[in-house]
Every structure is written in structure tokens, then in C-alpha cells.
Amino acid sequence: MADLPDVPTLLDTAVAALGGTRREGQSTMAAAVADAVDRREHLVVQAGTGTGKSLAYLVPALRRAMDKDTTVVVSTATIALQNQLIDRDLPRLARAVGPGLRREPTFAVLKGRRNYLCRNRLTTAAEESDEAELFDPRQLSSLGKQVARLHEWAEETTTGDRDELVPGVTDLAWRQVSVAANECMGARVCPFGQECFAEFAREEAKGVDVVVTNHAMLSIDMTQGNHILPEHDTIMIDEAHELVDRATSVATGTLAERTVTLAAKRASRLIEPMVAERLTEAGEGLALMFADAPEGRIDHIDEGLAGAVTVVRDTAAACVTAIGPSPGEQEAEAASERRLALAALTEVHDTAVRVLESFEPALRDRTDVVWLTKAPGRRPALSVAPLAVGGLLREKLFGDRTVVLTSATLTLGGSFDALARQWGLGREVGREEAERSAAPPSAGGDDEDGPHRAAGEPRWRALDVGSPFDHARSGILYVAAHLPPPGRDGLSPAYLDEIAELIEAADGRTLGLFSSMRAAQQAADELRERLDHPLLCQGEDSTGQLVRRFSEDENSCLFGTLSLWQGVDVPGPSLSLVIVDRIPFPRPDDPLASARQRAVAAHGGNGFLSVAATHAALLLAQGTGRLLRSTGDRGVIAVLDPRLATARYGGFLRASLPPYWGTTDPGVARSALRRLSGRTAPAV
């Protein structure tokens, strides 16, 4: 379709149809995305809140799909954005540009198989109860009621998508009626193959112009070769700052007594009881070793724990051997049992192998890190995760596709370099270099004066299209430099006094972002006795309901931790103060972060700046970004941690934030908040 309108024309049509206004940053981004797709080079775009970045990548995506008769994949990190794209943005955009494209664009959402109800599993949930019996019997009554609800819902739903079940059910209940990809027997064998919700979703995604998925699904598709996503040569990755964490999570293996016992239970239906019992005993032996081992990162595995993991590995392998090759034609129930058993056994075996092999190289040459978790109220578990996923992303994601990565926060310390390294991208390519590399080689050979790129490095460019907000006039960054550095024993009285005075000045309207749930709860409990404002705390209701109540009551406050740092969008007068209790560094004993920090230092880099400070800068940028959500918003960001003003790394962290007007004077911050709450004058 050579006569398709160009991207600027389509964007203008979409903006006009949706009742919006033309934004310079949005137009710049859309043009850059279209250019990158045409040139087949990767693009990294920072687009501040309010830019309209979704339209800026969706319009070029639709045009590319229809022009080349292909599918473009859009990947997001959060369910909220995924639903926004499917339920609001894409339907409205398709209707707007459809007439100019001669047909209305098509789109679909695709999630992992575990997100869909499995009709075959549903028929056996009550009688098997699988892992349910491994839990406290007091949980079983509630579990039974939830599974009964799922039976009723199965007769009503047309999608089987867990996200459409309101109210939801626990993970334990959902696992009784769903299967992972490696547990599915396949539509051809399954008696419910013609009614499979996951297969319906995959069929719907075939041949559409845009498929919306999530980073976890994208990582699974990349690493496990399941080819779940349709054929595609272009990917738009929104919320790209989350990509590394989601890819790491997919690549993390866990070994616990429960997973071993569950595998043995599934195997016991197919093999001699004594063989399965040995695996159960191996799981019990593993639990005994866990009881004596200290929590945290394991750099050198002792003989006892190594022996227990080895026994698990060998007994799991013996169970797989006992099950033997597929006998061919089987009844559906037998085929399902075999698939479930082999999936559980293989996961246990492969994780045990990976744990043991991770200790073979010298410490500085290791690519995996192992740690033991002993959380209160939960059984101990051994985890193994990659130190870095950059090499994986470079090979599997950037290898043969064009990738556009975008987010409101991608520059840390004023540079794209930190995240680019984590993604496996090398040095950024400039426009002149890109044109030289695309041109035929000259007779004289390489350009000796030009920059060179390492073999295999992806070619990419970066762009910051700015923000429609005037941060210096709309927001104040107040750092409480007079407070003592934060301690380890909760919030000090000085911190609580500071929070109370700020909330009083703001007349409520406060989002409190805390580094731990303990700190959020302490602040909520103590300040409820001192303040008249309604004070909501994460965990007292679903996060969505709490955010809704906070948004509707202008004088309320909402306190919480990590999910609120990135998941709150409350424009308008309900939010004029964001409080951050401390710089969100990873915990010093965080096994993965500390191992990554050590690895960087071992190779001559600055481990603290590359890992801990980068982590903190990203979260700080996300958290403070909750303040300004529309061009009319005004307010104050109060960081209570004085290190942001006094520490050497403070400059790096501040450079990762938008250019707010800064002060360390508490009087200035409170006066601005009082003016805002009285609505008598602008904040600054």
C-alpha cells in the first residue's frame, strides 16, 4: 500500500479525532520512530509524562504493519498500561485513522498461558488439589470456595483471562485451574482443545496489525523458543526501564521443599511409589539443610547443602527416567498427568543443576548468583538468577528485529548509558555514522577517522523529546537537609514531625512513598493520632481501590511502598505533595544487587554508582514523577533524606530528575503548600 498517508498526517488525524492538541515532543518522537523503523535501527526515546508517547509509537506501528502486511509487537510492563492500550488507546486510534488507511487496523492482547483458565485442569482441580494439601489446612476452606467460584465463572467468561475476574482469587487458587506452557498437553490431544481460552487468544493474535503483550511474555518468547508471539520484525517496548527486571525474573529459578514435594506427588501417579518417595525424602533433606544455613547470598556452597541439592537433582532425574518416553496414544487424563509431572520434575532437576554449576567458575567469572531466602511466614527457598541479562537481550531481542524502547525515565545522571549497558547495547551510533554504515564500503576501506563499533554491537540512537511540563515553575524539590541521615530502626521522631508539618501545610493531598512497608505502616499508625486528615495505607485494601479513594477525597493521604512509586496517576488537586522518606537504594544485603555491584567492581568499574545509585536514581525519578500528571498540576516533592543534598552521589541522583526548582528551606516548602491548599497563588 504505497499510497498510505505518512506518519505526520496520520498523527494529526488521530490527535484531531481524539480531541487533543498537537504536541511538539509527540510529533518529534513519532517522526523518529518512523525513521528508525524505516532504517531498521534501534531507537531509545525518553518522553516525559504528558508527551502522549503511546500515540507517538502506535501511529508508526500501525502504518508499518499495514504498509508491510506484518505484525508489530507492543510490550508493556504493567497490566494497567496493557489494558489501557487494548481497551482505550488502540480502539480509538483505529477508528480515527481507519478511513485514511482504507480499513480499520486490527489488534489483540496476548499473555502467557498461565493467565488463562484451563478447562481440562478445571475438571480435575477438586480431586487433585495438587499443592493445596501442602499448605495449612485452615487455608483449604477458603481455597475450596475460590475454586467453586472459578467453576461458576468458567460458565460465564468468554476469554478465561484472569484479569477479567473481579474480585480476583489467590495465586494458589488460580494455579489449581491453570497450566504453564510446559504443562500443557497441547490442543490436539486435550479433550478441551477446541474450547481452550489460551488457544483462542493465540488465534486472535494471528494476522492482526498490533499485538500487545508484556515484558515477561516477551522474555519467555525470546529465551525459551516457544514462538508464542506471531512473526514480527518490529517491537515497541513501553515502560522500558522495567525490561531488565522482568527479564531477570523470568530467568530466575527457585528450589524449595514445596516444589520438590509437588513434583514427587505428581510423579507418584505414574511410577513406582518408592522412586517418588525418594524425591520426597530429598526435598525433606533439602529443608533440613535450609534450616541450618544462613539467609542471603551464597558465594561458597558447603558440602551439606551441595549434597542435598545433588540428591534432589539425581532423584528428579530418576523419576523422569522411570516415567520413560511417551507411550504414544494415551487417554487425555493420562496425557495431562504425564505432562504435569514431567514439567514439575524438569523444573526441579534443571534448577538443581543450575545451582550446582553456578559455583564451578571462579568467583569473578560467575554468571549466576545463588541465595537463600527465609522470609517470615514463608518456607525457605533457594534461588538462582543471572548477574546480567544484557548479553541475552543483545542476542535474542536486538539481533534480527527493530526495537524502540521508551519511557518517561530513561536518562540517569543525565545520560542514557546506564540503561543502555543493562540492555546489552553498546555505544550509541550517531546519524553520520549510521549513514556511513548503511552505505557501500569505499574503495579505500575503513574510514580511519570515523568511530568504530565492536562486532555484533546493535546500532541504536537515543532521543529525549522533553516534557510539556515547566518543571521549574510547577514543582519544588525540597530536600530536608537539616534532618539526620535515615536510620535502620524505623522513622525517627524528627522524620515523623517533618511529615506531619508538611501534610498540615498541604491540607492532606499527600502521597507518601516509603522505602519499606514497615516504615509506611509506622508513619500511618503514628500520624493517624496526630492528624485529622484521612490516612490510607497500602495493604488495607487493593491498591486500585486505595488510589481511587485517594483521588476522590482531596484532603486524604496515601502511604505505601514500591508499587506506589510507579503505579499512581492522580492528576488534579488531590495530589500536591509527594513525600519520599529516604533514597531508595537496594538493601545492602540484597543478594542480586550486591553480587552485581561486586562483579562491576571486580572488573574495574564503580559498583556502587553502576548498580546501587542507578537503581536509586531510576526509582527516585519514577516516584517523584507522580507529582505532575497534567499541565495544570502544581506541588512539592519533599525528600526527607539529607544525603540527596550532602552526599557526593547526590549530584548524580538530582541530575536524574526533571529540573524542578530546588530548596533546602522547610519554610519555603510549607509556604508553597499553604498557598496551594488555599488556592490563592501559584506554587512557585
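Residues numbered from 1 in each chain as written. Predicted model: local features only at pLDDT ≥ 70, side-chain atom pairs only at ≥ 80, totals over all residues. Heavy atoms only, no water.

Caption draft 1: A look at the overall build of the protein. When helices and strands are counted, the protein shows 27 helices and 18 strands. The C-alpha radius of gyration computed for the protein amounts to 27 Å, which stays within 12% of the reference 26 Å derived for 684 residues, consistent with globular compactness. Oriented by its inertia axes, the alpha-carbon framework of the protein measures out at about 80 × 70 × 60 Å. For the protein, long-range pairs separated by at least 24 residues make up 77% of all intrachain contacts whose partners lie at least 6 apart in sequence. If you sum the accessible surface of the protein, you get close to 30700 Å²; carbon and sulfur atoms cover 50% of it. Averaged over its 74 positive side-chain charges, the protein has a centre that lies 3 Å from the centre of its 95 negative ones. (Helix = DSSP H or I, 4+ residues; strand = E, 2+ residues; numbered from the N terminus. Rg over C-alpha atoms; globule rule 2.2 N^0.38 Å. Contact = heavy atoms within 4.5 Å. Areas by Shrake-Rupley, 256 points an atom, 1.4 Å probe, with all protein chains shown as cover. Lys, Arg positive; Asp, Glu negative; His and termini not counted. Charge placed at Lys NZ, Arg CZ, Asp CG, Glu CD.)

Caption draft 2: Looking closely at empty space enclosed by the protein. Counted by the stated rule, this structure contains 1 cavity of 30 Å³ or more. By volume, the largest cavity amounts to about 200 Å³. Residue lining of the largest cavity: 22 residues in total, with C118, N120, V179, C184 and C190 positioned closest to the centre. Elements that contribute at least two residues to the lining of the largest cavity include exactly α5 (119–128), α8 (197–205) and α14 (332–358). (1 Å grid on protein atoms, 1.4 Å probe; cavity = no way out; pocket = protein on both sides within 12 Å on 5 of 7 lines; lining within 4 Å. Points joined across faces, edges and corners; volume = space filled by probe spheres on them.)

Caption draft 3: Layout of unusual backbone geometry. For the peptide bond that leads from V166 to P167, omega is -10°, which places it in the cis range. Mapped onto the secondary structure, P167 falls in the loop between α6 (140–154) and α7 (171–175). Of note, the phi angle at D69 is positive, near 50°, even though the residue is not glycine. Tracing the chain through its elements places D69 in the loop between α3 (53–68) and β2 (71–76). Here D69 falls in the exposed class, since its relative accessible area comes to 71%. (Buried < 20%, exposed > 50% of the residue type's maximum accessible area, 1.4 Å probe, protein only.)

Caption draft 4: Expanded view of the pattern of salt bridges. On inspection of all chains with the given rule, the structure shows 35 salt bridges. Residues D171 and R162 are paired through a salt bridge, measuring 2.9 Å at the closest nitrogen-oxygen approach. The exposure class assigned to D171 is partly exposed, which follows from its relative accessible area of 47%. R313 serves as the salt-bridge partner of D314, at 2.9 Å between the closest nitrogen and oxygen. Given a relative accessible area of 41%, D314 falls into the partly exposed group. The partly exposed category is assigned to R313, whose relative accessible area is 26%. Salt bridges linked by common partners bring D35, R39, E41, R459 and R461 together as one network. (Salt bridge = Lys/Arg side-chain N within 4 Å of Asp/Glu carboxyl O.)

Caption draft 5: Focus on the sheet that holds strand β13 (residues 510–513). With respect to topology, 7 strands assemble into an open sheet ordered β14-β15-β13-β16-β17-β12-β18, the strand pairing being parallel. If you trace the sheet from one side to the other, it starts and ends with β14 (535–537) and β18 (661–663), each paired once. Taking the axes of each pair of neighbouring strands and ignoring which way they run, one obtains an average angle of 15° across the sheet. Relative to β18, strand β12 (residues 475–479) runs parallel, the two sharing 3 bridges. Following the sheet pairing, Y478 is matched in β18 by T663. (Pairing = 2+ DSSP bridges. Axes fitted to C-alpha atoms, helices over the stretch in contact; angles between N-to-C directions.)

Caption draft 6: Highlighting the nonpolar core. V44, I237, L397, L405, W423 and L653 are the most contacted members of the largest nonpolar core, which totals 87 residues. At 7 residues, the largest contribution of residues to this core is made by helix α24 (residues 607–624). Aside from chain neighbours lying at most four places away, what touches W423 is V44, A240, L243, V244, G390, L393, R394, F398, L405 and L410. Of all hydrophobic cores here, the second largest spans 40 residues; its members include L10, L58, I86 and V212. (Core = buried A, V, L, I, M, F, W, Y, C linked by side-chain atoms within 4.5 Å.)

Caption draft 7: Broad picture of α8. When we look at burial in α8, the residues that qualify are F197, A198, E199, A201 and A205. Phi turns positive one or two residues past the end of α8, at G207, with a value near 80°.

Caption draft 8: Inspection of the sheet that holds strand β6 (residues 253–256) at higher detail. Read across the open sheet, the 4 strands follow the order β6-β9-β8-β7; overall the sheet is antiparallel. Each edge of the sheet is formed by a strand with only one pairing partner; in this case those strands are β6 and β7 (296–298). Across this sheet, the average inter-strand angle for adjacent strands is 25°, counted without regard to direction. Sheet analysis places β6 next to strand β9 (residues 381–386), joined by 4 bridges and oriented antiparallel. Among the inter-strand pairings, T254 is bridged to a residue of β9, identified as S383.

Caption draft 9: Representation of the pairing of strand β4 (residues 210–214). With 5 of 5 residues buried, β4 is to be regarded as a mostly interior element. Burial along β4 is two-sided: the face carrying V210, V212 and N214 and the face carrying V211 and T213 are both buried. Where strand β3 (residues 107–109) and β4 come together, 3 bridges link them in parallel fashion. Paired with A108 across the bridge in β4 is V211.

Caption draft 10: Just the environment of L463, in detail. Tracing the chain through its elements places L463 in strand β11 (residues 460–464). Residues L463 and G544 lie 81 residues apart in sequence; the distance between their C-alpha atoms is 33 Å. Discounting residues that sit within four places of it in the chain, L463 has contacts with T28, A32, V44, V45, Q46 and F416.

Caption draft 11: Quick peek at the packing of helix α11 (residues 257–268) against helix α12 (residues 273–292). Running from N to C, α11 and α12 cross one another at 175°; their axes reach a closest spacing of 8 Å. One element, α11, and the other, α12, form an angle in the roughly antiparallel class. Counting all contacts with α11, which are made through E257, V260, A263, A264 and S268, the residues of α12 involved are A276, L279, T280, G283, E284, L286 and A287. (Parallel < 35°, antiparallel > 145°, perpendicular 65-115°, else oblique.)

Caption draft 12: Highlighting the packing of aromatic side chains. Counting across every chain of the model gives 6 aromatic pairs. Between the aromatic rings of F585 and Y649, the centroid separation amounts to 5.3 Å while the plane-to-plane angle is 85°, which identifies the pairing as edge-to-face. Of this pair, F585 sits in the loop between β16 (577–580) and α23 (591–602) while Y649 sits in the loop between α25 (643–646) and α26 (650–655), and the two are 64 residues apart along the sequence. For Y649, a relative accessible area of 18% corresponds to the buried category. (Phe/Tyr/Trp six-rings, centres within 6.5 Å; stacked < 30°, edge-to-face > 60°.)

Caption draft 13: α11, seen in detail. Taking 1.5 Å per residue, 12 residues should reach 16 Å; α11 reaches 16 Å between its end C-alpha atoms and fits that length. Listing the buried residues of α11 in full gives V260, T261, L262, A263, A264, K265, R266 and A267. (Expected span 1.5 Å × (residues − 1).)

Caption draft 14: Expanded view of the side chain of T406. Structurally, the position occupied by T406 is in strand β10 (residues 402–407). Setting aside anything within four residues of it in sequence, one finds T406 in contact with M29, V45, A47, K53, Y57, I237, D238, E239 and A240.

Caption draft 15: Structural view of the pairing of β2. With 6 of 6 residues buried, β2 lies mostly within the body of the structure. Burial of the side chains of β2 extends over both faces: T71, V73 and S75 are buried on one face and V72, V74 and T76 on the other. In this structure, β2 lies alongside β4, joined through 5 bridges in parallel fashion. Bridge pairing links V72 to V210 in β4.

Caption draft 16: Seen up close, the side chain of S556. Position of S556 among the secondary structure elements: in the loop between α21 (543–552) and β15 (557–560). Taking relative accessible area as the criterion, S556 reaches 1% and is therefore assigned buried. Polar contacts involving the side chain of S556 include one to the main-chain carbonyl oxygen of F550, which spans 3.4 Å. Each residue touching S556, except ones within four places of it in the same chain, is listed here: G508, R509, T510, P534, R549 and F550. (Polar contact = N/O pair within 3.5 Å; in protein donor to acceptor, adjacent residues only side chain to side chain.)

By themselves these figures say nothing about function.
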